[in-house]
Amino acid sequence: MTTEVQTTSTEQATETISGSRLLARSLKQQGVDHLFGVVGFPITAFATDAQREGIQYIGMRNEQAASYAAQAASYLTGRPQGCAVVSGPGVVHALAGMANAQSNRWPMILIGGASAMFQNGMGAFQEERQVLAVTPFAKYAHAVEEAERIPYYVEQAVRTSLHGRPGPAYLDLPDDVLADEVSMERVHMAPRVSDPPRPPAPEADVRRAIEALKSAENPLVIVGKGMAWSRAEHEVREFIEKTQLPFLATPMGKGVVPDDHPLSVAAARTYALQNADLVFLLGARLNWILHFGKPPRFRPDVRVVQLDIAPEEIGTNVPAEVGLVGDGQTVMRQVNTVLDVDPWQYPPETTWRSGLEQGAQENIAITEQMMADDSVPLNYQRVLKDVHAATPRDAIVVSEGANTMDIGRTILLNYEPRSRLDAGTYGTMGVGLGFAVAAAVTNPGKRIVAVEGDAAFGFSGMEVETMCRYNLPVTIVVINNNGIGGGISQLRPGVAPPPSVYLPGSRYEQVMTAFPGGRGYFVERPEELLPALTEANEGEGPALVHIAIDPRARRKPQQFDWHTGRT
Ligand code: ADP
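Presented here is a report on the structure given in the accompanying data block. What you see is a predicted model; the values in this text were computed from it and never measured. (Residues numbered from 1 in each chain as written. Predicted model: local features only at pLDDT ≥ 70, side-chain atom pairs only at ≥ 80, totals over all residues. Heavy atoms only, no water.)

## Let's talk about the site of the ligand
Line of reasoning, step 1. In the neighbourhood of the ligand, 21 residues make up the surrounding shell, with Arg165, Lys225, Thr250, Asp308 and Gly328 lying closest.
Line of reasoning, step 2. A distance of 2.7 Å is found between a nitrogen atom of the ligand and a backbone nitrogen or oxygen belonging to Gly328.
Line of reasoning, step 3. Its free accessible area being 580 Å², the ligand has 97% of it covered by the protein chains.
Line of reasoning, step 4. If you map the ligand onto the pockets, it falls in the second largest pocket. (Near = heavy atom within 4 Å. Polar contact = N/O pair within 3.5 Å; in protein donor to acceptor, adjacent residues only side chain to side chain. Areas by Shrake-Rupley, 256 points an atom, 1.4 Å probe, with all protein chains shown as cover. 1 Å grid on protein atoms, 1.4 Å probe; cavity = no way out; pocket = protein on both sides within 12 Å on 5 of 7 lines; lining within 4 Å. Sits in = over half its atoms within 2 Å of the grid points.)

See below:
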């Protein structure tokens, strides 16, 4: 990576700069340190310019994966990171990442190359109405019409993406704007966008929220990924300790308070949701992930106290008794300050606590039985038990796939905030490898463990080459049940494969060993699990552990279908 020597102001007056170089410089100035992409017309020069300006460029194999990587890097670093794609089909592929980021409320900046403006409407190579296509998925979308205005647009895109409720931003860069040479005299570099403002909630609302908590018999705190994003882990942990309230985390809220904390009631999730009379919702939405806050998963009379940075979110699906509108970290600090002056704890012995304890014990007994089952072919629980045992405590865990992700959520514990990345609010399968690449490049020194169903892995399997090229410390665990939601052990000759089935006998570990530096392991038996997983995690660079399981393996019996709920 090379960084140019700064010019003096007199030299600057005569210096010219290409649109492409100015774009790279503006992004770097705004804190875009990582750029994921696939080069080609008209952005190849831009990717090289990004490297010259000190941005780490990671070349991926598909724009979808690159756009997933950019948003995970944004979530993990706290500043919007970039994705650069070619015109037309490149932008269309990256729409997947824009939609996923929008649904997760995550920032990112997509840079779309575009055909030259003077060819607009003429049927140019890869011509597309890109701003129009991106707009439904973007918090901000704009075309740049002249090179000297690039710093202006980059600042707007970064600020809009990052401030308030985060979301993805798009900039359309026509070939002629990127190739243009402008005098630095005419260029005004924009000020660096500040880190997100952290507004407090009105003090009166903070007091009302605490009074509501005190009045509840069965209170429950739910910690969502808004708290992970706002870096509120210290404040939330302090609040839980002070009040001794039972808490649950949403899938990506896991780790804000460690999963093994004694006040976690994750093992009694259904009982907790069904019987809570008041839910303190912290940076989480009452959408499908929380069953809309409705019966039969919640009490019909459940009271909601809701903290969110977005005022328009307060009251979605269930009216909120108190809305705390503000930044997660600031508002929890306000709550803790009031509790410092006027301490309050939820009592240690209540029927609510004992009910939660009993619910947890019943579930743990069923899961432990399944985790102890050594029969071959293996089941999910047995496999995930060893995946967890072999995963370093500070690892970042990526998880996707239907059963693999759902069962993994309960067995793969998280101890640190932002240490779990999964299919998220949009339920996107195929995000995992892009997320793993991003987690590795933004967290040097940590192991990344991507636990993938075979179907989820297939969406962007070629990213193993990316991992080998950059020698990233990623372990991919493919838990293979031969299909989507389960397959069969053998195809029947002359019979069309059922729609949900993938090819039995496939050897996914060989996808990794096809590339120099990639290590592959194949596991079918319980005693092979820990040695393979440990070696994969402790070795250098990327590894893939392919674990063949019973194609008919399932979750433990569920009381409710996962998407129960109707408004
Ligand atoms: P989960 O999937 O964990 O339930 P969601 O993505 O549904 O989480 O909800 C996260 C919520 O956090 C969103 O409604 C978003 O507006 C909110 N949020 C985002 N940034 C902040 C912040 N700085 N402080 C508080 N809430 C935030």
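Back to the text.
## Examining the sheet that holds strand β12 (residues 303–308)
By definition, the strands of a sheet pair up through backbone hydrogen bonds, in either a parallel or an antiparallel sense.
Line of reasoning, step 1. Overall, parallel pairing links the five strands, which are arranged β10-β9-β11-β12-β13 in an open sheet. Of all strands in the sheet, those with a lone pairing partner are β10 (247–249) and β13 (322–325), marking the two edges. For this sheet, the mean inter-axis angle between neighbouring strands, taken without regard to orientation, is 15 degrees.
Line of reasoning, step 2. Where strand β9 (residues 219–223) meets β10, three bridges bridge the pair, whose relative direction is parallel. (Pairing = 2+ DSSP bridges. Helix = DSSP H or I, 4+ residues; strand = E, 2+ residues; numbered from the N terminus. Axes fitted to C-alpha atoms, helices over the stretch in contact; angles between N-to-C directions.)

## With respect to empty space enclosed by the protein
Line of reasoning, step 1. Considering all chains together, one arrives at one cavity of 30 Å³ or more under this definition.
Line of reasoning, step 2. Put simply, the largest cavity is a space of about 80 Å³.
Line of reasoning, step 3. Lining of the largest cavity is provided by His388, Thr391, Pro392, Arg393, Ala395, Val397, Leu412, Leu413, Asn414, Tyr415 and Ser419.
Line of reasoning, step 4. Classifying every residue of the lining of the largest cavity by side-chain character gives six nonpolar, four polar and one charged. (Points joined across faces, edges and corners; volume = space filled by probe spheres on them. Nonpolar A, V, L, I, M, F, W, Y, C, P; charged D, E, K, R; others polar.)

## Let's talk about the environment of His34
Line of reasoning, step 1. Secondary-structure assignment places His34 in strand β2 (residues 34–37).
Line of reasoning, step 2. Those residues within four positions of His34 in sequence are excluded, and the remaining contacts are Ile55, Gln56, Thr77, Gln81, Gly82, Val441 and Thr442.
Line of reasoning, step 3. One polar contact links His34 to Gln56, side chain to side chain, over a distance of 2.9 Å. (Contact = heavy atoms within 4.5 Å.)

## Some thoughts on unusual backbone geometry
Note: most residues except glycine have negative phi, and most peptide bonds are trans.
Line of reasoning, step 1. In the segment running from Pro295 into Pro296, the intervening peptide bond is cis, with an omega of 5 degrees.
Line of reasoning, step 2. A cis geometry characterises the amide bond from Val376 onward to Pro377, with omega recorded as 0 degrees.
Line of reasoning, step 3. If you trace the backbone, Pro377 turns up in the loop between α14 (351–371) and α15 (380–390).
Line of reasoning, step 4. The phi dihedral of Asn471 falls on the positive side, at around 50 degrees, and the residue is not glycine.

## Looking at the sheet that holds strand β15 (residues 420–422)
Line of reasoning, step 1. The strand order across the open sheet built from six strands is β15-β14-β16-β17-β19-β18, with neighbouring strands paired in parallel fashion. Because the sheet does not close on itself, it has two edges, and the strands there are β15 and β18 (519–523). On average, each strand axis in the sheet is inclined to that of its neighbour by 15 degrees, with strand direction left out of account.
Line of reasoning, step 2. Bridging between strand β14 (residues 396–400) and strand β16 (residues 448–453) involves five bridges; their strand directions are parallel.

## What to know about the layout of surface pockets
Line of reasoning, step 1. If you add up the space inside the second largest pocket, you get close to 590 Å³.
Line of reasoning, step 2. Surrounding the second largest pocket, 35 residues form its lining, Lys225, Gly226, Met227, Trp229 and Gly283 being those nearest its centre.
Line of reasoning, step 3. Only α10 (225–229) and β12 provide two or more residues apiece to the lining of the second largest pocket.
Line of reasoning, step 4. For the lining of the second largest pocket, the element with the highest residue contribution is α10, accounting for four residues.

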